[in-house]
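# Chain and residue survey
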Amino acid sequence: FPHAGTFTKMIGIKYPIVQAVMGGFGVPAMASAVCEGGGLGGVGLSWADEQQARDSVRQVRAATKNPFAIGYALWFPPQTLTAVLEEGAPIIQFSWGTPTKEVQSLVKSFGAKLGMQVSNLDGTRQALDAGSEYIILQGQEAGGHVQAMSNWRDYLPKVLELAGTTPVLVAGGLGDGHALREVLNAGASGGAFGTRFVATKENRWSPSYKERIVQSKASDTILTVCFDGGWPNALHRVLKNKTTNMWEAAGSGQVGFRPGEGDVVASFGDMEFLRYGVWPPAEGMAPESSDHMALYCGTSVDAIRDIPSAKDLVKRLWDECLSSGK
């Protein structure tokens, strides 16, 4: 793998395996487990307030001495960026847009590394102009919120050529070490895994959600705008469930014309969650919440048939990657 070492040496990790940044309950524990396993774990803080953001960074730093990433989707202002940098976040990763020059300077002023997720050549150019030290090329196969409109295979050769010595990783549809081997052999410096790390013991999403991942296949996923509460008009890939089925049956209508709008479909402590909201079901919610809430899931689900430890999974992915070429 000619370029895998470029990324691992620059970041200071053992394996060219990245956990896609994701937000929500308990993610710091999963991210730190990935880091302890030799990969790069990450926490998404686009919606966190300052105290939540500081606490998240502190939790990861307390659990591992290895580098980790903090992610921001730039559809939302990165209001807690200064706070996480003050807490010692070593890597800041942006998606869904390009950071302003002021944001770029702020990250660099703290000595943190800057990474960006892109989905086409124009995005790659913007990332390079912004001083991104690594690039993640996302494909439409990814689970969760998907900025890509194409398969990553359509762009990878040209993105690699354009990026030159800047490491390029691939995200979207990667579920095992065989997929990692494919992207490394294609010239990428690593692979980013999202859905595969959702289905791990350290992840704090609902057990029923994880079981749905284990039991599903790629044809059970859809790219949709159904769950738009909190992030309107953004494509996302999810597993079909009762909410997506009833919405589609009613004509896939816009806000105000959808069945069950306003339904409380889950609760967590004193918080209530409405149908069509952005959140997936968390640990502690009733199992039936998975019938109604967003079950983010990529096409990599075809390769996912168990719920291992995130720490152990990193090594397993690398072993699979090496053995699949024999």
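The structure we're discussing is the one just above.
Report on the accompanying structure. (Residues numbered from 1 in each chain as written. Predicted model: local features only at pLDDT ≥ 70, side-chain atom pairs only at ≥ 80, totals over all residues. Heavy atoms only, no water.)

## Remarks on the overall build of the chain
Note the cut-off: Counting from the N terminus, the helices are DSSP H or I runs at least four residues long and the strands are E runs at least two residues long. Here the globule rule is a power law, 2.2 Å times the number of residues to the power 0.38, and the radius of gyration is based on C-alpha atoms. Relative accessible area decides the class of each residue, using a 1.4 Å probe on protein chains only: under 20% of the type maximum gives buried, over 50% gives exposed, and in between gives partly exposed. Contacts: residue pairs with any heavy atoms within 4.5 Å of one another. Residue exposure ignores everything except the shown protein chains as possible cover, and the areas themselves are Shrake-Rupley values with a 1.4 Å probe. Here Asp and Glu are counted as negative and Lys and Arg as positive; His is not counted, and neither are the chain ends. Think of each charge as sitting on NZ of Lys, CZ of Arg, CG of Asp or CD of Glu.
Looking only at helices and strands, one finds twelve helices and 13 strands in the chain. Relative to a compact globule of 326 residues, whose C-alpha radius of gyration would be 20 Å, the chain shows 19 Å and is just as compact. With the C-alpha coordinates aligned to their principal axes, the bounding extent of the chain is approximately 50 × 45 × 35 Å. Looking at the chain as a whole, 55% of its 326 residues qualify as buried. If you take every contact in the chain between residues at least 6 apart in sequence, the share linking residues at least 24 apart comes to 59%. Within the structure as shown, the chain displays about 13,400 Å² of accessible surface, and the carbon and sulfur contribution to it stands at 50%. If you average the places of the 29 positive and of the 32 negative side-chain charges in the chain, the two averages end up 7 Å apart.

## Some details on the nonpolar core
Threshold: By convention a nonpolar core is built from buried Ala, Val, Leu, Ile, Met, Phe, Trp, Tyr and Cys residues, the set being connected through side-chain atoms within 4.5 Å.
Core analysis: the largest hydrophobic core is formed by 85 residues, its most contacted members being Ile 70, Val 84, Ile 92 and Phe 197. By size, the runner-up hydrophobic cluster in this structure holds twelve residues, among which are Phe 7, Ile 11, Leu 40 and Tyr 134.

## Things to note about the sheet that holds strand E10 (residues 221-224)
Rules: In this description, strands pair whenever DSSP reports at least two bridges between them.
Across the sheet, which stays open at both edges, the three strands sit in the order E7-E11-E10 with antiparallel pairing between neighbours. In this open sheet, the two strands that pair with only one neighbour each are strand E7 (144-145) and E10. By the bridge criterion, four bridges tie E10 to strand E11 (residues 236-239) in an arrangement that is antiparallel. Residue pairing for E11: Ile 222 is matched across the bridge by Val 238.

## Description of the sheet that holds strand E9 (residues 190-193)
Stated precisely, the cut-off is as follows: Axes, fitted as lines to C-alpha atoms, cover a helix only where it is in contact. Angles between the N-to-C directions of the axes lie from 0 to 180 degrees.
Strand order in this open sheet of eight strands is E1-E9-E8-E6-E5-E4-E3-E2, and the pairing throughout is parallel. A strand with exactly one partner marks an edge of an open sheet, and here the two such strands are strand E1 (17-19) and strand E2 (41-44). Recorded for the sheet is a direction-independent mean angle of 25 degrees between the axes of neighbouring strands. Summarising the sheet, strand E6 (residues 134-138) and strand E8 (residues 168-171) pair through four bridges and their orientation is parallel. When the sheet's bridge partners are listed, Leu 137 is paired in E8 with Val 170.

## Let's talk about helix H12 (residues 310-323)
Heads up, the rule is: Working rule for helices: expected span equals 1.5 Å times residues minus one. Two N or O atoms count as a polar contact when they lie within 3.5 Å, although within protein this holds only if one can serve as hydrogen donor and the other as acceptor, and sequence-adjacent residues are included solely when both atoms are side-chain atoms.
Over its 14 residues, H12 runs 20 Å from end to end, which matches the ideal 20 Å to within 8%, given 1.5 Å per residue. For H12, the N-terminal cap is Ser 309; the gap from its side-chain oxygen to the backbone nitrogen of Lys 311 is 3.2 Å.

## Quick word on the environment of Trp 152
When you line up the elements, Trp 152 lands in the loop between E7 and helix H7 (156-163). Judged by its relative accessible area of 3%, Trp 152 falls in the buried class. Distance from Trp 152 to Gly 88, taken between C-alpha atoms, is 32 Å for residues 64 residues apart in sequence. Beyond its immediate sequence surroundings of up to four residues, Trp 152 is in contact with Leu 137, Gln 138, Gly 139, Glu 141, Val 170, Ala 171, Gly 172, Leu 174, Glu 182 and Val 183. Within the local environment of Trp 152, its side chain forms a polar contact with the backbone oxygen of Gly 172, the two atoms lying 3.0 Å apart.

## What to know about helix H8 (residues 177-185)
The cut-off we apply is this: Of all possible arcs, the one meant is that of the directions from the helix axis to the C-beta atoms.
What H8 keeps buried is the set Gly 177, Ala 179, Leu 180, Val 183 and Leu 184. Projected onto a plane normal to the axis of H8, the buried residues spread over an arc of 155 degrees and lie on a single side. In this structure Asp 176 caps H8, since a side-chain oxygen of it lies 3.2 Å from the backbone nitrogen of His 178. Looking one or two residues beyond H8, the residue adopting positive phi is Gly 187, at roughly 110 degrees.

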